[in-house]
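Listed below are the residues making up each chain.
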Amino acid sequence: AGDVTVIITVNPQGQAINAQVMDGISSTDQCLRNFAVRAARLSRFSASTTAPAKQTGEILYRFIAQ
């Protein structure tokens, strides 16, 4: 279990073009980190013709032990 915060960059088409773990506040578990980055890269957002070429944001993934 743990939290992983991923910084993403999104293009105007709504595709995540970059994703990286925010060190310092994220879990150090490499499996969780890899899964969070993969999930962030597969995320899709609303397209906009008026959006800047690149927008950045954060996604928090919370993994709960079961």
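The following refers to the structure shown.

1. Here we look at the nonpolar core
- Membership of the largest hydrophobic core comes to 13 residues, with the highest contact counts inside it found for Val4, Val6, Ile8, Ala40 and Tyr61.
- Counting only elements with at least two residues in this core, the list comes to strand 1 (2-10), strand 2 (16-21), helix 1 (30-42) and strand 3 (55-63).
- Beyond its immediate chain neighbours, meaning those up to four positions away, Ala40 contacts Val6, Ile8, Ala16, Ala19, Ile59 and Tyr61.

2. Structural notes on the side chain of Arg33
- The residue Arg33 is located in helix 1 in this model.
- Not counting residues within four places of it along the chain, the set of residues in contact with Arg33 comprises Val4, Val21, Asp23, Ser26, Ser27 and Thr28.

3. Looking at the pattern of salt bridges
- Following the criterion strictly, the structure yields 2 salt bridges and no others.
- A salt bridge links Asp3 to Arg62, with the nearest nitrogen and oxygen atoms 2.9 Å apart. Note that Asp3 is positioned in strand 1 and Arg62 in strand 3, a separation of 59 residues in sequence.
- A salt bridge links Arg33 to Asp23; its shortest N-O distance comes to 2.4 Å. Taken together, the positions of Arg33 in helix 1 and Asp23 in the loop between strand 2 and helix 1 put the pair 10 residues apart, joining distant regions of the chain.
- For Asp23, a relative accessible area of 56% puts it in the exposed group.

4. Here we look at the sheet that holds strand 2
- The strand order across the open sheet formed by 3 strands is 2-1-3, and the pairing between neighbours is antiparallel. Two strands in the sheet have a free side with no partner beyond their single neighbour: strand 2 and strand 3. Sheet twist, expressed as the mean angle between neighbouring strand axes with direction ignored, is 25°.
- Of the strands in this sheet, strand 1, strand 2 and strand 3 touch helix 1, which is tilted by about 160° from strand 2.

5. Some words on the environment of Ile7
- With respect to the helices and strands, Ile7 occurs in strand 1.
- Taking C-alpha positions, Ile7 is 20 Å from Ser48, a pair spaced 41 residues apart along the chain.
- The residues contacting Ile7, other than those within four sequence positions of it, are Asn18, Ala19, Gln20, Met22, Gly57 and Glu58.

Thresholds, definitions, all that
Residues numbered from 1 in each chain as written. Predicted model: local features only at pLDDT ≥ 70, side-chain atom pairs only at ≥ 80, totals over all residues. Heavy atoms only, no water. Core = buried A, V, L, I, M, F, W, Y, C linked by side-chain atoms within 4.5 Å. Buried < 20%, exposed > 50% of the residue type's maximum accessible area, 1.4 Å probe, protein only. Helix = DSSP H or I, 4+ residues; strand = E, 2+ residues; numbered from the N terminus. Contact = heavy atoms within 4.5 Å. Salt bridge = Lys/Arg side-chain N within 4 Å of Asp/Glu carboxyl O. Pairing = 2+ DSSP bridges. Axes fitted to C-alpha atoms, helices over the stretch in contact; angles between N-to-C directions.

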